[in-house]
There are 2 protein chains.
Amino acid sequence: MTDAPKEIETLIEMMAKLPGLGPRSARRAVLHLIKKRGVLMTPLADTMHTVAATARECLNCANISVADICPICAAEKRSNGEICVVEDVADLWAMERAGVFKGRYHVLGGTLSALDAIGPADLRIPKLIDRVETENITEVILALNATIDGQTTAHYIADQLEHRVSVTSLAQGVPIGGELDYLDDGTITAALKARKKV
Amino acid sequence: MTDAPKEIETLIEMMAKLPGLGPRSARRAVLHLIKKRGVLMTPLADTMHTVAATARECLNCANISVADICPICAAEKRSNGEICVVEDVADLWAMERAGVFKGRYHVLGGTLSALDAIGPADLRIPKLIDRVETENITEVILALNATIDGQTTAHYIADQLEHRVSVTSLAQGVPIGGELDYLDDGTITAALKARKKV
């Protein structure tokens, strides 16, 4: 609650719904926007309208772009034989920032979760199986988060696909720049089990 | 950098300019907005346009509202004799949330700062002196932040006004719910100096 007029109050409430922003940071953000209303708030609102009108999920992989088939699925240069399975578009962007994977993606839209009653049919797993069968795929790389739900989902997908295609997952171990003293036991255990000859 | 289309990239860059949001949280916020483009992004853009078109600074106190004279300056019920001086509109909102002050405000728009070369003329100090002389003010309450720049500004204003009007400032001491063990030395010193009979 502030003493601000109703429109500004509404704007603060909407901004507070964004992930990472609470009521206090939403107030700060809105004050900043108001101070820069000419150079920031109006262009930001315009861009939001543009994106809201044009952004859509790729019909093939569920990546977000402004076309029915996203640039990654449409790129002829990218290898057709490999699909990297991620939970969310944010994970796809993270993979692309690393710039090392040259295949295509499949965004599940979440993970299996007993608690939230999310089953295989609620995710894009049937579409993944369909793609494996129709796109001449040789390898499915599971890049799911190293959480319990992420790993459960990885096991489920591996079960479904391993008789059709090679299924791999990202290596687990010590992150680059990581210090052992700050790592959790699970990571150290995984890194030790997967140790390799230098 | 993401692999997202240009419009989405632009939106992320704009969002990352908001206080409290960095590139990573801006990406998360934009993905959330795209997923909820119908129910959140479009209404948010509309509200931003409305606020950008209507919000303005009060000509008297620099509070932000949708009128040339803000509701607080316009309210006949509020005491005319007291002015509470704050650095920023966010501080005015914080005072109003406490709901205890019934006078009017004056937003300086910052603090004096030798480092940033901000002098009295860059703040709304001349307007404050003008208001003290014309609005029949009996008390100026300095509610500036307890930072070095805030306190320098408070001393400067007190020097300018003390021969015309009573100048007070917020008490310093132990915050309600505060534990001594977690307080800095300066706060404990201030609280001890200002101790009072129980």
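Definitions and limits used
- Residues numbered from 1 in each chain as written.
- Chains lettered and ligands numbered in written order.
- Predicted model: local features only at pLDDT ≥ 70, side-chain atom pairs only at ≥ 80, totals over all residues.
- Heavy atoms only, no water.
- Helix = DSSP H or I, 4+ residues; strand = E, 2+ residues; numbered from the N terminus.
- Rg over C-alpha atoms; globule rule 2.2 N^0.38 Å.
- Buried < 20%, exposed > 50% of the residue type's maximum accessible area, 1.4 Å probe, protein only.
- Areas by Shrake-Rupley, 256 points an atom, 1.4 Å probe, with all protein chains shown as cover.
- Contact = heavy atoms within 4.5 Å.
- Buried area = accessible area lost by both parts, 1.4 Å probe.
- Salt bridge = Lys/Arg side-chain N within 4 Å of Asp/Glu carboxyl O.
- Polar contact = N/O pair within 3.5 Å; in protein donor to acceptor, adjacent residues only side chain to side chain.
- Nonpolar A, V, L, I, M, F, W, Y, C, P; charged D, E, K, R; others polar.
- Core = buried A, V, L, I, M, F, W, Y, C linked by side-chain atoms within 4.5 Å.
- Disulfide = S-S within 2.5 Å.
- Expected span 1.5 Å × (residues − 1).
- Pairing = 2+ DSSP bridges.
- Right-handed = clockwise from strand over helix to strand, strands pointing away.
- Least-squares fit on C-alpha atoms with pLDDT ≥ 70 in both.
- Domains from an automatic or database assignment.
- Axes fitted to C-alpha atoms, helices over the stretch in contact; angles between N-to-C directions.
- Parallel < 35°, antiparallel > 145°, perpendicular 65-115°, else oblique.

A few points about the overall build of chain A
- Tallying secondary structure elements over chain A gives eight helices and six strands in all.
- Start at the N end of chain A and walk to the C end: the helices and strands fall as α-α-α-β-β-α-β-α-β-α-β-α-β-α.
- For 198 residues, the compact-globule estimate of 2.2 N^0.38 gives 16 Å, and the C-alpha radius of gyration of chain A, at 21 Å, exceeds that figure by more than 25%.
- Within chain A, the proportion of its 198 residues that are buried is 43%.
- Summed over all atoms, the accessible surface of chain A reaches about 10,800 Å², with 54% contributed by carbon and sulfur.

Let's talk about the interface of chain A and chain B
- At the junction of the two partners, chain A supplies 50 residues and chain B supplies 51 residues.
- Approximately 5,000 Å² of surface area, both sides summed, lies buried where chain A meets chain B, with 77% of it carried by carbon and sulfur atoms.
- Taken together, the links from chain A to chain B amount to two salt bridges.
- Linking chain A with chain B are six residue pairs in polar contact (both at pLDDT 80 or more).
- Within the residue set of the side of chain A that touches chain B, elements represented by two or more residues are helix H1 (6–15), helix H2 (23–35), helix H3 (37–54), strand S2 (64–65) and helix H5 (89–98) of chain A.
- Looking at the side of chain A that touches chain B, the element that brings in the most residues is H3(A), giving 14 residues.
- For the side of chain A that touches chain B, a count of residues per class yields 30 nonpolar, eight polar and 12 charged.

Observations concerning the nonpolar core
- In this structure, Ile8(A), Met15(A), Met48(A), Ile8(B), Met15(B) and Met48(B) are the most contacted members of the largest nonpolar core, which totals 80 residues.
- The residues contacting Met15(B), other than those within four sequence positions of it, are Leu18(A), Leu44(A), Met48(A), Leu21(B), Ala26(B), Ala29(B), Val30(B) and Leu33(B).

Side note on the state of the cysteines
- In this structure the tally under the stated criterion is zero disulfides over all chains.
- Cys84(B) carries a free sulfur, and the closest cysteine sulfur to it, the one in Cys61(B), is 11 Å from it.

Notes on H2(A)
- Counted at 1.5 Å a residue, the expected span for H2(A) with its 13 residues is 18 Å, and the 18 Å between its end C-alpha atoms agrees.
- Those residues of H2(A) that sit buried are Ser25(A), Ala26(A), Arg27(A), Ala29(A), Val30(A), Leu31(A), Leu33(A) and Ile34(A).
- On its buried face, H2(A) is in contact with H1 and H3 of chain A together with helix H3 (37–54), strand S2 (64–65) and helix H5 (89–98) of chain B.

So, the pairing of strand S4 (residues 104–107) of chain A
Residues and elements named next belong to chain A.
- Judged by which residues are buried, S4 turns out to be covered on both faces: Arg104 and His106 on one side and Tyr105 and Val107 on the other are all buried.
- Across four bridges, the pairing between strand S3 (residues 82–86) and S4 is parallel. Looking across to S4, one finds that Ile83 is bridged to Arg104.
- At this point the chain moves from S3, through H5, to the parallel S4, and the crossover so formed is right-handed.

Focus: the relation of the copies chain A and chain B
- Taken as rigid bodies, chain A and chain B are interconverted by a rotation of 180 degrees and an axial shift of 0.0 Å, the fit giving an RMSD of 0.1 Å. Taken together, the turn and the small shift mark the pair as related by a two-fold rotation axis. The rotation axis passes nearest to the C-alpha of Ala45(A) in chain A, at a distance of 2.2 Å.
- Counting the interface residues of chain A, we find that 100% of their copies in chain B are interface residues as well, pointing to one common contact surface.

Observations concerning the domain arrangement of chain A
- When cut into domains, chain A gives domain 1 (6–54) and domain 2 (77–197).
- With centres defined by C-alpha atoms, the gap from domain 1 of chain A to domain 2 of chain A works out at 34 Å.

Brief notes about the packing of H2(A) against H3(A)
Residue and element names in this part refer to chain A.
- Contact pair H2 / H3: the axes reach a minimum separation of 6 Å and the direction vectors enclose 115 degrees. Judged on the interaxial angle alone, H3 and H2 are roughly perpendicular. For the pair H2 and H3, contact is made by His32, Leu33, Ile34 and Lys35 and by Arg37, Leu40, Met41 and Leu44, respectively.
- Looking at the contact of H2 with H3 residue by residue, the class counts come to five nonpolar, one polar and two charged.

Topic: the sheet that holds strand S4 (residues 104–107) of chain B
Residues and elements named next belong to chain B.
- In spatial order, the strands read S4-S3-S5-S6; together these four strands make up an open sheet with parallel pairing. Each edge of the open sheet is held by one strand with a lone partner, namely S4 and strand S6 (166–169). Neighbour-to-neighbour, the strand axes of this sheet turn through a mean angle of 25 degrees, independent of strand direction.
- With four bridges joining them, strand S5 (residues 139–142) and S6 adopt parallel strand pairing. Note that in S6 the partner of Glu139 across the bridge is Ser166.
- Here helix H6 (residues 125–134) sits on the sheet in contact with strand S3 (82–86), S4 and S5, set at roughly 155 degrees to S4.
- Packed on one face of the sheet, helix H7 (residues 148–161) meets S3, S5 and S6 and runs near 170 degrees to S5.

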